[in-house]
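Structural overview for review
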Number of protein chains: 2
Amino acid sequence: MSAGAEDQLHQWLRNRLRRSGFDRIGDDGAILPAGGPWAVTQDHQIEGVHFPPQLDPLVIAQRLLAVNLSDLAAMGAQPVFAFLALSCPAEFDRHRFFSSFLRACQRFDTELAGGDLSSNDRVTASLTLLGRKPSKGRWLQRSNGRPGDVLWVAGELGFSALGRHLLAAGARLAGRRISLPGSIQLTSREQVLARRAVRRHLIPQPQLSMGRWLALRRRAAAIDISDGLALDLHRLCRESELGAQIDATSLSTQSGFSTVCRKLGIDPTETILTGGEDYAILFSLPPRVRPLGRQKCRRVGRLTACPDIDLVSPEGAIPLAVTGWDHFAAVDAAGA
Amino acid sequence: MSAGAEDQLHQWLRNRLRRSGFDRIGDDGAILPAGGPWAVTQDHQIEGVHFPPQLDPLVIAQRLLAVNLSDLAAMGAQPVFAFLALSCPAEFDRHRFFSSFLRACQRFDTELAGGDLSSNDRVTASLTLLGRKPSKGRWLQRSNGRPGDVLWVAGELGFSALGRHLLAAGARLAGRRISLPGSIQLTSREQVLARRAVRRHLIPQPQLSMGRWLALRRRAAAIDISDGLALDLHRLCRESELGAQIDATSLSTQSGFSTVCRKLGIDPTETILTGGEDYAILFSLPPRVRPLGRQKCRRVGRLTACPDIDLVSPEGAIPLAVTGWDHFAAVDAAGA
């Protein structure tokens, strides 16, 4: 006697989870063990909004986890528990999705502890993560900046946005291979870079080890760059009640990036500053403290007592506009 | 200088929350104070799937919270923190939604502690709740039943499903008033009942005080009836490794209910057993323990060592089929 497909999927999940000594799925919610305090993050991923339609369930699962892990990283937290609400069409390959999700959880030492399933004509997933700070660590906060602190970025800027533009122009993921749009001519080196951009967009790389390292510093401010460097820098500055000077030359990228941008008709600097979905970390540290060489961080500027936020180049300083990946701004501004 | 509409909404929310001494929105996630252990629940609400299109944002917010509170109630937990991911069209009245959500949170002693906002062509909301058990209480679990324990239901069965059918037939909420479909003729007493059913469907009544009372008993099994009594009873029995006998006469309702069902062309017993979205609690207690009179619980049967799950009437016992509100069962069965 079958207790329904949803229950079957639960059963399959329980069997998978039981192997790892975990058996809390099945009640109306999960009971967490004592411990904490906890950092909690929550993010949506909706087909056609956050990722292209018909994306491989394997990739959707990885993307969903990565986007949320990136938030935890910017808090200096290490992931512990995940709660997943998934809504999808009946034909969506849920086993492929969950297999991929559980593998990704394992890689990042995270346990799927509960969730909710329902049907919908498009894939809609919401993930809540609970994380702990490393022992002897501090939570990273946006408000921890001090005048004179140096601003750094861990992770690549603009690549994810370039990938989004390439997908909009027709790039596709087929199996493990990315096909590029036929409408633009790219050299083989540019093709490698373009494929990397698409991959980076679809599956961001959360900066967990960077977040962990920062949480162990005496003082650091940090923010997840999800809406573009310009907008997220303004947010960090506002919380720290400071201004900033960004060194324009620090934002230059490898030559291929600019060429591919131009071939797509987009501005490379604009893409770096406001493209969004980088899931890199912008952070500040006292001038004496430097990230380790292997962490591959980029020094991008410094915090100032003066509240202006400027882009400084050899030609002078210009205000850095507050623009970025703001879901509602355009429409609300038009209606205001 | 505007930091974008999303930031403006954050700011408005922060100002509202600060009044209650709460100021954790603004970082990439929330930091919970030490404490716990925590019960965690998560639920989706999607326009056109879980509630009718164009529903008043005020009602969507109340429904979203109520559905999740119902899960906590069935665990014996009291709500403490809420995390909300909202995705909606630009024209959706987010202030109305959040005002309503915050009022509802206040009523249930819950704090909005974080979340995520994005744009989408239909309203999609996901809520995560963290709750604590009452001091000296126990978590309620589905597996706590013993043979001979009495089965009870707190909350109304079938009303929510009747409301869903009325909405499908054309019932509408306009302001505070519910207009009923013109296609069916109802007496004024039936109209009152029908309006109550629609309201019950749109805004379920979480059984928090019942859950709290149960958590303080020495032994109780409980489950949130969200997918229909039949299916959720099977789940409780499976977890407790028991069978059950349900007393058919205990499921009879006030006469108006059956009449309205028949006028809509639906079977009243079927609606009560499998209609779903009741957000009532099914629970078991040792025979000596009885809910208080004011808790208005209905005694519906008992748990048995024999694994059969039967509906018992003066005419005899028939197996209670495992059917209910299973989002994927129909499609999967067709494809199997």
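Definitions and cut-offs
Here the residue index of a chain counts from 1 through its sequence in written order. Ligands are numbered from 1 and chains lettered from A, in the order in which they are written. A pLDDT threshold of at least 70 governs which residues receive local features in this predicted model, and a stricter bar of 80 or more applies before side-chain atom pairs are shown or counted, although totals over entire chains, interfaces and linings include all residues. Segments assigned H or I by DSSP are reported as helices when at least four residues long, segments assigned E as strands when at least two residues long, and all are numbered from the N terminus. To sort residues by burial, count the other C-beta atoms lying within 10 Å of each one's C-beta; a count of 20 or more means buried, 12 or fewer means exposed, and anything in between means partly exposed. C-beta atoms are built from the backbone. Contact definition: two residues whose C-beta atoms, as placed from backbone geometry, lie within 7 Å. For a helix, the expected span equals 1.5 Å multiplied by the residue count minus one. Between any two strands, at least two bridges found by DSSP are needed for them to pair. Axis angles are defined between N-to-C directions and span 0 to 180 degrees, where every axis is a line fitted to C-alpha atoms and, for a helix, only to the segment in contact. An angle counts as roughly parallel when it lies under 35 degrees, as roughly antiparallel when it exceeds 145, as roughly perpendicular when it falls between 65 and 115, and as oblique in every other case. In this classification, Asp, Glu, Lys and Arg are treated as charged, Ala, Val, Leu, Ile, Met, Phe, Trp, Tyr, Cys and Pro as nonpolar, and every other residue, Gly included, as polar. Note: pLDDT gives the predictor's confidence per residue, expressed from 0 to 100. A set of buried Ala, Val, Leu, Ile, Met, Phe, Trp, Tyr and Cys residues, joined to one another through C-beta atoms within 7 Å, is what we call a nonpolar core. Handedness of a crossing follows from how the near helix is turned relative to the far one, being left-handed for an anticlockwise turn of less than a right angle and right-handed for a clockwise one. How far each domain reaches was decided by an automatic or database domain assignment.

Along its length, chain A carries 10 helices and 14 strands. Counting across all 336 residues of chain A, residues that qualify as buried make up 53%. In chain A, the proportion of contacts linking residues at least 24 apart, taken out of those at least 6 apart, comes to 84%.

To continue, consider helix α7 (residues 229-240) of chain B. Residues and elements named next belong to chain B. Look at α7: 16 Å from first C-alpha to last across 12 residues, which is about the 16 Å you get at 1.5 Å a residue. In terms of residue burial, α7 counts as a mostly covered element, since 10 of its 12 residues are buried. Regarding α7, the residues found buried are Leu229, Ala230, Leu231, Asp232, Leu233, His234, Arg235, Leu236, Cys237 and Ser240. Once α7 finishes, Glu241 follows within two positions and takes phi at roughly 55°, a positive value.

Pairing between the strands of a sheet comes from backbone hydrogen bonds, and it takes one of two forms, parallel or antiparallel. Residues and elements named next belong to chain B. With mixed pairing, the 7 strands of this open sheet are ordered in space as β9-β11-β6-β12-β10-β13-β14. The sheet is open, and its two borders are formed by β9 (221-225) and β14 (316-319), each paired with just one other strand. Averaged over neighbouring strand pairs, the angle between their axes works out to 25° when direction is ignored. Strand direction decides the pairing type here: strand β10 (residues 243-247) and strand β12 (residues 297-304), joined by 4 bridges, are antiparallel. Among the inter-strand pairings, Gln245 is bridged to a residue of β12, identified as Arg302.

Attention now goes to the packing of helix α4 (residues 159-168) of chain B against helix α5 (residues 188-202) of chain B. Residues and elements named next belong to chain B. With their axes 7 Å apart at the nearest point, α4 and α5 run at an angle of 100° to one another. If you check the angle between α4 and α5, you find them roughly perpendicular. Within the contact between the two elements, α4 uses Phe159, Ser160, Leu162, Gly163, Arg164, Leu166 and Leu167 and α5 uses Ala194, Arg196, Ala197, Val198, Arg200 and His201. Tallied by class, the residues present in the contact of α4 with α5 amount to 7 nonpolar, 3 polar and 3 charged.

On to the confidence of the model for chain A, then. Residue and element names in this part refer to chain A. In the predicted model, chain A carries a mean pLDDT of 85, and the fraction of residues at 70 or more is 85%. The spread of mean pLDDT over the elements of chain A runs between helix α10 (residues 329-335), the lowest at 37, and strand β6 (residues 150-154), the highest at 97. Counting contacts from residues 329-336, a segment whose pLDDT is below 50, to residues more than four positions away or on other chains yields 6 contacts. Here the complex is predicted with pTM 0.82, and the ipTM for its interfaces comes to 0.77.

A word on the environment of Val289(A). Here Val289(A) lies in the loop between β11 (280-285) and β12 (297-304). Along the primary structure Val289(A) and Arg302(A) are separated by 13 residues, whereas in three dimensions their C-alpha atoms are 13 Å apart.

This part is about the sheet that holds strand β9 (residues 221-225) of chain A. Residues and elements named next belong to chain A. With mixed pairing, 7 strands are arranged side by side in an open sheet as β9-β11-β6-β12-β10-β13-β14. The outermost strands of the open sheet, each flanked by one partner alone, are β9 and β14 (316-319). Neighbouring strand axes in the sheet, compared pairwise and without regard to direction, differ in orientation by 25° on average. With 4 bridges connecting them, strand β13 (residues 309-313) and β14 associate as antiparallel partners. Counterpart to Ser313 in the pairing with β14 is Gly316.

If you look at the biggest cluster of nonpolar residues, it comprises 193 residues, and the most contacted ones within it are Ala222(A), Ile281(A), Leu282(A), Ala222(B), Ile281(B) and Leu282(B). Ranked by residues supplied to this core, first place goes to helix α2 (residues 57-75) of chain B with 12 residues. Contacts of Ile281(B), omitting those with residues within four sequence positions, involve Ala73(B), Ala74(B), Ala154(B), Gly155(B), Gln207(B), Met210(B), Gly211(B), Ala222(B), Asp224(B) and Ile225(B).

Residue and element names in this part refer to chain B. Running from N to C, α2 and helix α6 (residues 208-215) cross one another at 20°; their axes reach a closest spacing of 7 Å. It follows from the interaxial angle that α2 and α6 lie roughly parallel. In the packing of α2 onto α6, the handedness of the crossing is left-handed. Here Leu69, Ala73, Ala74 and Met75 of α2 come into contact with α6, specifically with Leu208, Met210 and Gly211. In terms of residue class, the contact of α2 with α6 is made up of 6 nonpolar, 1 polar and no charged.

So, about the pairing of strand β6 (residues 150-154) of chain B. Residues and elements named next belong to chain B. Of all 5 residues in β6, 4 are buried; the element is thus mostly enclosed. Inspection of the sheet shows β6 paired to strand β11 (residues 280-285) by 5 bridges, in the antiparallel sense. Bridge pairing in β11 places Val150 opposite Leu285. Where β6 lies against β12, 5 bridges are found, and the strand directions are antiparallel. The residue of β12 that forms the bridge with Ala154 is Cys297.

What follows deals with the domain arrangement of chain A. Residue and element names in this part refer to chain A. Partitioning chain A into domains gives domain 1 (5-132) and domain 2 (142-329). Between domain 1 and domain 2, the contact holds 19 residues from the first and 19 residues from the second. It is helix α2 (residues 57-73) that contributes the most residues to the side of domain 1 that touches domain 2, 9 residues altogether.

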